[in-house]
Amino acid sequence: MHHFDYKDGLLHCEAVSLADIAAKVGTPFYCYSKATLQKHLKAFQDAFAGADHIVCYSVKVNSNLSVLDTLFTGGAGADVVSGGELFRALKAGGDPKKIVYSGVGKKEEEIRFALESGILMFNVESPLELLTIDRVAAELGLIAPIAIRVNPDVDPRTHAYISTGLKKNKFGIAIERALVEYRAARDLKNVEIVGVDCHIGSQITEIGPFVDAVQKIKKLVVDLKEEGIDIKYFDIGGGLGIPYDDETPPHPSEYGRAVIDTVGDLGLTIIMEPGRAIAGNAGVLVGRVQYTKDGENKQFIIGDTAMNDLIRPSLYGAHHGIKAVKQSSATRYADLVGPICETGDFMAKDRELPEMEPGDLYAVMSAGGYGFTMSSNYNSRPRPAEVMVDGANYEIVRKRESYEDLIRGEKTV
Ligand SMILES: *Cc1c(COP(=O)(O)O)cnc(C)c1O
């Protein structure tokens, strides 16, 4: 559920008309709904209320400080995958004791930063990384809390680019090797084993793969206990999907019930790392039609949103709903494209789209996750403004970039 609805014939975010924001802020801009973010976070907290748990929101999905602040104020922790994300999370007031750090390529300086910040745990993705963490912790005279990210070899039945828990993927340590790696970790002086972790992929629309994964890892936890390795945290990763089109992903409550039914009896604190399910449908990208032109057998609607602003359609062939800000039932077979010099630059392709004229505003729906965070300056396009709506009010939470921003730090020689 989200808070983007028509009122008096105009698309609103909560109580604010997107047309009003466009008139003040210009286009394109990202618009986020605070109430939607809060509601989605609460859905996870309620879903796991039957067990000790921490919701560690996946910062890479939408890392705007105001989004992080909203979620942290609501009680969330964070899952970070870089030093930069840790920096953002701390800046936004995140509690380090609720921050987990995942990712296959943690650098020494990032590990140092995380250790000095006192994070909850490192999700370790390889034997060499484990040794590096131990060494850096020794240099600092600290003990590094760790979990091993286990790759359970479960097919999440999602897009190949966003499945991460298969043997052929670069993530984690194969489940057959995990026990050996835990024994190795036990022998390290500056590492403390506190958890187990997995993350099998993203935009998962069925419960089955999650249950398969936690079941496999549960067996590992039991084996560890037999060897005297007691852990506190069972991190099940993120990955719950959202409806972009006609998908019907499980509700967080169903997901929570399935996880608790499977591993609740272990008595561990359950950590989950939802990202898309919290932020995806809490944001839209608003643009304005510049031109229309008739192609061979379809129309091209040329807008001012492009693949540099939102790359999901180009990168994954992802579907995003397109709504005209001014409500209308007229449609036309068309592509909504951007100004970038790439054929892959489209928001929607070969679709029945709302009929629109130059000057009309449109919203690219479900753009709150993996939207701005994956944006770039390709074609030297300043990145869009970001706006947060809270009831009848809104604030610009990131200024539109200027041409000067584009060349910051550059020089000629
Ligand atoms: C991307 C990512 C997530 C979030 O995935 P969603 O599908 O957006 O919920 C969680 N954990 C890790 C380790 C990730 O890389």
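Residues numbered from 1 in each chain as written. Predicted model: local features only at pLDDT ≥ 70, side-chain atom pairs only at ≥ 80, totals over all residues. Heavy atoms only, no water.

### Considerations on helix α2 (residues 34-47)
Our working definition: Each helix corresponds to a stretch of at least 4 residues labelled H or I by DSSP, and each strand to a stretch of at least 2 residues labelled E; elements are numbered beginning at the N terminus. Expected span, for any helix, means 1.5 Å times one less than how many residues it has. Type-normalised accessible area, obtained with a 1.4 Å probe on protein chains alone, sets the label of each residue: buried when under 20%, exposed when over 50%, and partly exposed for intermediate values. The arc refers to the directions leading from the helix axis to the C-beta atoms.
When the terminal C-alpha atoms of α2 are compared, their 20 Å separation across 14 residues agrees well with the 20 Å that a helix rising 1.5 Å per residue should span. T36, L37, H40, L41, A43, F44 and A47 are the residues of α2 that are buried. For α2, the arc enclosing every buried residue in end-on projection is 150°, short of the 170-degree limit, so these residues lie on one face.

### Section: the packing of aromatic side chains
Selection rule: Only centres within 6.5 Å qualify two rings of Phe, Tyr or Trp (six-membered ring in Trp) as a pair; their planes then separate them into stacked at under 30 degrees, edge-to-face at over 60, and tilted for everything else. Comment: the charge-over-ring label is applied if NZ (Lys) or CZ (Arg) is within 6 Å of the ring centre and within 35 degrees of the ring normal.
Inspection of every chain in the model, using the stated rule, returns 7 aromatic pairs. Aromatic side chains F48 and Y255 sit 5.8 Å apart centroid to centroid with 80° between the ring planes, which places their arrangement in the edge-to-face category. A residue pair is termed long-range when its members are at least 10 positions apart, and F48 in the loop between α2 and β5 (53-58) and Y255 in helix α9 (residues 252-263) qualify at 207 residues. Each of the two residues, F48 as well as Y255, counts as buried. A cation over a ring is seen here: K106 above Y101, with NZ or CZ 5.4 Å from the ring centre. Stacked on the ring of F346, the Lys or Arg K349 has its end atom at 5.0 Å from the ring centre.

### Quick notes on the confidence of the model for the protein chain
Selection rule: The quantity called pLDDT is the predictor's confidence in a given residue, expressed from 0 to 100.
When pLDDT is averaged along the protein chain, the result is 97, and 100% of the positions lie at 70 or above. Strand β4 (residues 29-33) holds the highest mean pLDDT among the elements of the protein chain, 99, whereas strand β10 (residues 173-174) holds the lowest, 94.

### Some points on the pairing of β4
Spelled out, the test is: Strand pairing is defined by DSSP finding a minimum of two bridges between the two strands.
In terms of burial, β4 is a largely internal element, 5 of the 5 residues being buried. Here β4 shows a buried face lined by F29, C31 and S33 and a second buried face lined by Y30 and Y32. Examined bridge by bridge, β4 and strand β14 (residues 283-294) share 4 bridges and lie antiparallel to one another. The residue of β14 that forms the bridge with Y30 is L285. By the bridge criterion, 5 bridges tie β4 to strand β20 (residues 385-390) in an arrangement that is parallel. Across the sheet, residue Y30 finds its bridge partner in β20, namely E386.

### As for the sheet that holds strand β3 (residues 16-17)
Read across the open sheet, the 3 strands follow the order β1-β2-β3; overall the sheet is antiparallel. Among the strands making up the open sheet, the edge pair consists of β1 (4-7) and β3. Pairing of strand β2 (residues 10-13) with β3 involves 2 bridges; the strand directions are antiparallel. Bridge assignment links C13 to a residue of β3, and that residue is V16.

### Re the environment of K7
Our working definition: Residue contacts are counted whenever heavy atoms from the two residues lie within 4.5 Å of one another. Under the rule applied, a polar contact is a pair of N or O atoms within 3.5 Å (in protein, one hydrogen donor and one hydrogen acceptor; residues adjacent in sequence only if both atoms are side-chain atoms).
Topologically, K7 is positioned in strand β1. For K7, a relative accessible area of 37% corresponds to the partly exposed category. On a C-alpha basis, the gap between K7 and Q327 in space is 9.1 Å, while along the polypeptide they are 320 residues apart. Here K7 is in contact with H12, E14 and A15, once residues within four sequence places are set aside. A polar contact is formed between the side chain of K7 and the backbone oxygen of E14, at a distance of 2.6 Å.

### Description of the packing of α2 against α9
Helix packing for two helices is described by the angle between their axes and how far apart those axes are. Let me state the cut-off plainly: Fitted lines through C-alpha atoms give the axes, limited to the stretch in contact for helices. The angle between two N-to-C directions lies from 0 to 180 degrees. The cut-offs work like this: below 35 degrees is roughly parallel, past 145 is roughly antiparallel, 65 to 115 is roughly perpendicular, and the gaps in between are oblique. What makes a crossing left-handed is the near helix being turned counterclockwise from the far one by less than a right angle; a clockwise turn instead makes it right-handed. Residue polarity is assigned by list, with Asp, Glu, Lys and Arg as charged and Ala, Val, Leu, Ile, Met, Phe, Trp, Tyr, Cys and Pro as nonpolar; anything else, Gly included, falls into the polar class.
Contact pair α2 / α9: the axes reach a minimum separation of 8 Å and the direction vectors enclose 30°. As summarised for this structure, α2 and α9 are arranged roughly parallel, according to the angle between their axes. Note on packing geometry: the crossing formed by α2 with α9 is right-handed. Residues A43, F44 and A47 of α2 lie in contact with α9, whose contacting residues are P252, S253, Y255, G256 and I260. Across the contact of α2 with α9, the residue classes tally to 6 nonpolar, 2 polar and no charged.

### Topic: the site of the ligand
Under the convention used in this document: We call a residue near a given molecule or strand whenever any one of its heavy atoms falls within 4 Å of it. Only the protein chains shown count as cover for residues, and the accessible areas themselves come from Shrake-Rupley with a 1.4 Å probe.
Around the ligand there are 15 residues in total, and K60, S202, E273, R276 and Y370 lie nearest to it. Contact distances for the ligand include 2.9 Å between an oxygen atom and a backbone N or O atom of G239. One of the side-chain N or O atoms of Y370 is found 2.7 Å from an oxygen atom in the ligand. Within the complex, the protein chains bury 94% of what would otherwise be the 390 Å² of accessible surface of the ligand. When the residues that make up the shell around the ligand are grouped by side-chain class, the tally is 3 nonpolar, 7 polar and 5 charged.

### Examining the state of the cysteines
Basically, it comes down to this: Disulfide: a pair of cysteine sulfur atoms within 2.5 Å of each other.
All told, the structure shown has 0 disulfides when counted by the stated rule. Unpaired in terms of disulfides, C56 finds its nearest cysteine sulfur in C198, a separation of 14 Å. Judged by relative accessible area, which is 0%, C56 ranks as buried.

### Notes on the environment of I143
Within the fold, I143 resides in the loop between α6 (127-140) and β9 (144-151). Using a relative accessible area of 49% as the deciding quantity, one classes I143 as partly exposed. Setting aside residues no more than four positions away along its own chain, I143 makes contact with L115, K189, N190, V191 and E192.

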